[in-house]
Amino acid sequence: MKIITANRLSDGRVIYVGEAGAVVDSLSAAAVFEPEAADAALAEAAAQPAVFVNPYLVEVTGHTPSGRDRLKETIRSAGPTVGNSLKHREPA
Amino acid sequence: MYRYDEFDAALVRERVEEFRDQVERRASGALTEDQFKPLRLMNGVYLQLHAYMLRVAVPYGVMSGAQMRRLAHIARVYDKGYGHFTTRCNIQYNWPALTDLPAILSELAEVEMHAIQTSGNCIRNTTTDVFAGAADDELEDPRPWCEVIRQWSTIHPEFSFLPRKFKIAVVAAEKDRAAIRTHDVGLQIVKGADGGTAFRVFVGGGQGRLPHIAQEIAPAVPGHELLAYLTAILRAWNLLGRRDNIHKARIKILVASLGIDAFRTEVDKHFATLRQEDLRIPDAELTRIQSYFTPPVFADLPKTSAAFDRAVLADPDFARFSRNNIRRHKQPGYASVIVSLKPVDGVPGDITDAQMDLVADLAERYSFDEVRAAYEQNLVLPHVRLDDTPALWRELLAAGLATPNADLVTDIIACPGLDYCSLANARSIPVAQALSRQLGDLDYQERVGPVRINMSGCINACGHHHVGHIGVLGVDRKGEEYYQITVGGSPDEQAALGEIVGRSLPSEEVAPAIARALDRYLEVRTEGERFIDTVRRLGADPFRDAIYETADAVA
């Protein structure tokens, strides 16, 4: 199964394609696609360059990244595992 | 320090406006990412894992209090309240919004700073000895020459589309405190045949996946011909260097494949013409630039300080700080103070906005309004009265900036790794933190003495792991983080690449393994022998044995 992720154009933050093509910022809210549907959804995201920068597919099991890049995708979704950014909450 | 003239000011202002327009066109969708990427890179803007990243140039690592205060302001207003000093003496912000970048660059321009040429295939920020102008062993202050190189290389039309990035470092002492032999070009100021300034030139150093130590190409290029000689080197590489393979494009590959003698012949061919042309540095211009770097007006002080001596006797913590973080100065009664950005469990090179504000204040009050960024990811207050060091130390201590570990084993150089970087294979920071916890006991660190650990999260080697006395390289093994250890690297005048000791280790094994290697060193060293000297004497074997003694290493 696949989800679609990218960085948001305006601020670079990690975003996902949610249900009904919505833009969501949480991996848990990402829509999970069968392989065939994933390619079409990726093309839809790529067609919105004012939102999605460099969209690509991520392999998941449920809502957990499961491919070779699973650690990278986990860190992308949750933020740095250490350091000063943890003390600083993102504005809602 | 150098102040912008009207050309510098206009150039930076125009670049901000140009980039403002480019950002607006990108935000509106008029430019695609593919079109925008080379434009943003020319302005120091990357797109990393979580956000855009802005790398701001700190020319040869020199800043004023006002500049440091502005860096703090930017961290506070546009980022998450901190910045990260890099091994190129620059500062990175990890969280700026694209749409804020023009405002940030505008604010930087007001204090004569910018992000030009901090990225892309151009000549990057020139680095130098962090103790320039203060060290008692330098022939002259190398910073005016760095400024000459900065002016020459900024938006140089011939060198704006090089095969790959190009880095230059300059030192003015036998002791190499700027790792010049790891650079594309390393320059050592020497005395020329006529008694004037000349440059011993090294070329073809570099790290990354194919590391090379730079080789000497010229023993003494006269100072006024420096730009002609640098141009000759860059022109030879620009014409002959590979552009078909990004991994083989750096000058080190060309120098290694031609051989230093054949490459020298190519350079000399260009130099023969260039040295006759208008690339000679006019004396008046050099004098003008040097005038910005005249030493501050030092007080006439005795060599020793009663206040300093009393504090050393009265407070063992200050005594320890003075042993490790206070360095000799050429001016009697003064010292250079290393502000450690390596607290136990910290992120090497990170500094908060409040800490930056404090350092700005301290620079103004105690160090003639000057602060330096060291490539080791620390800061230095270069010109402090010995009398003032106890008071300065107390303020640093209260702000968490007085870890007395400069050049000791927890003074770890580390890249941001997979916590931030889109190129990384593994995390660097948690491994550096584990090392700092495991090795943090200060008595132990002082017993072990100077050891540099360098940590990179991928083969690009931003953490300089190849030249760490102990190097740690993060690798990806089927989606798991593993770490390869090297021993015996050295970045200085005895530059050497470390030897890989064996199979890579899982992250939790790295700190205990390195602790065992250091314990082995304590057993086998001779009186007064530094870690790196012991490795040179005995080779890597004793340390390999210690590292794998109990570790459950995997292929």
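Going by the structure above, here's the rest.
Residues numbered from 1 in each chain as written. Chains lettered and ligands numbered in written order. Predicted model: local features only at pLDDT ≥ 70, side-chain atom pairs only at ≥ 80, totals over all residues.

A few points about the overall build of chain A
- Helix and strand counts for chain A come out as two helices and five strands.
- Going from N to C terminus, chain A has its helices and strands arranged as β-β-β-α-β-β-α.
- Structurally, chain A occupies a C-alpha span of about 40 × 30 × 20 Å along its principal axes.
- Counting only residues that meet the buried cut, chain A has 34% of its 92 residues in that class.
- Contacts in chain A between residues far apart in sequence, at least 24 positions, make up 49% of those at least 6 positions apart. (Helix = DSSP H or I, 4+ residues; strand = E, 2+ residues; numbered from the N terminus. Buried ≥ 20, exposed ≤ 12 C-beta atoms within 10 Å, placed from the backbone. Contact = placed C-beta atoms within 7 Å.)

With respect to the interface of chain A and chain B
- Counting residues at the interface gives 25 residues for chain A, matched by 30 residues for chain B.
- Counting only elements with at least two residues in the side of chain A that touches chain B, the list comes to strand 4 (52–61) and helix 2 (70–78) of chain A.
- Looking at which element gives the most residues to the side of chain A that touches chain B, the answer is helix 2 of chain A, with five residues.
- Taken together, the residues of the side of chain A that touches chain B break down into nine nonpolar, ten polar and six charged. (Nonpolar A, V, L, I, M, F, W, Y, C, P; charged D, E, K, R; others polar.)

Quick notes on the pairing of strand 12 (residues 334–339) of chain B
Residue and element names in this part refer to chain B.
- Most of strand 12 is tucked away, with six of its six residues classed as buried.
- A two-sided burial pattern is seen for strand 12, the buried positions comprising Tyr-334, Ser-336 and Ile-338 on one face and Ala-335, Val-337 and Val-339 on the other.
- Across three bridges, strand 11 (residues 326–328) lies against strand 12 in antiparallel orientation. Among the inter-strand pairings, Arg-328 is bridged to a residue of strand 12, identified as Ala-335. (Pairing = 2+ DSSP bridges.)

Some details on the nonpolar core
- In terms of nonpolar packing, the biggest core is built from 190 residues, with Ile233(B) and Val359(B) touching the most fellow members.
- Considering each element in turn, this core owes the most residues, ten residues, to helix 6 (residues 226–240) of chain B. (Core = buried A, V, L, I, M, F, W, Y, C linked by C-beta atoms within 7 Å.)

Quick notes on the sheet that holds strand 4 of chain A
Residues and elements named next belong to chain A.
- In spatial order, the strands read 3-2-1-4-5; together these five strands make up an open sheet with antiparallel pairing. For this open sheet the edge positions go to strand 3 (23–24) and strand 5 (64–65), each flanked by a neighbour on one side alone.
- Here strand 2 (residues 14–17) runs beside strand 3; their pairing, made up of two bridges, is antiparallel. The residue bridging Tyr-16 from the neighbouring strand is Val-24, located in strand 3.

Regarding the sheet that holds strand 1 (residues 45–47) of chain B
All names here are of chain B.
- Read from one edge to the other, the open sheet built from five strands follows the order 1-2-5-4-13, with strand pairing classed as antiparallel. Taken across any chain shown, the strands that pair with only one partner, and hence form the sheet edges, are strand 1 and strand 13 (350–352). The average undirected angle you get between the axes of adjacent strands in this sheet is 30 degrees.
- As paired strands, strand 1 and strand 2 (residues 52–56) are joined by three bridges and run antiparallel to one another. Directly across from Tyr-46, in strand 2, lies its bridge partner Met-53.
- On the sheet, helix 12 (residues 353–366) packs against strand 4 (82–85) and strand 13 and is oriented at approximately 85 degrees with respect to strand 13. (Axes fitted to C-alpha atoms, helices over the stretch in contact; angles between N-to-C directions.)

Some points on the packing of helix 14 (residues 429–438) of chain B against helix 16 (residues 507–524) of chain B
Residue and element names in this part refer to chain B.
- One can describe the packing of helix 14 onto helix 16 by two numbers: an axis separation of 9 Å at closest approach and a directional angle of 40 degrees. Taken as axis vectors, helix 14 and helix 16 run oblique relative to one another. In the crossing of helix 14 with helix 16, the sense of the turn from one axis to the other is right-handed. Two secondary-structure elements touch here, helix 14 through Pro-430, Val-431, Ala-434, Leu-435 and Gln-438 and helix 16 through Ser-507, Val-510, Ala-511, Pro-512, Ile-514 and Ala-515.
- A breakdown of the residues in the contact of helix 14 with helix 16 according to their chemical character gives nine nonpolar, two polar and no charged. (Parallel < 35°, antiparallel > 145°, perpendicular 65-115°, else oblique. Left-handed = near helix turned anticlockwise from the far one by under 90°.)

Focus on the packing of helix 5 (residues 143–153) of chain B against helix 9 (residues 283–291) of chain B
Residues and elements named next belong to chain B.
- At a minimum axis distance of 9 Å, the contact between helix 5 and helix 9 shows a crossing angle of 120 degrees. By the angle class used here, helix 5 and helix 9 are oblique. As helix 5 packs across helix 9, the resulting crossing turns out to be right-handed. From helix 5, Pro-144, Glu-147 and Val-148 reach across to helix 9, where they touch Leu-286, Ile-289 and Gln-290.
- Grouping the constituent residues of the contact of helix 5 with helix 9 by class yields four nonpolar, one polar and one charged.

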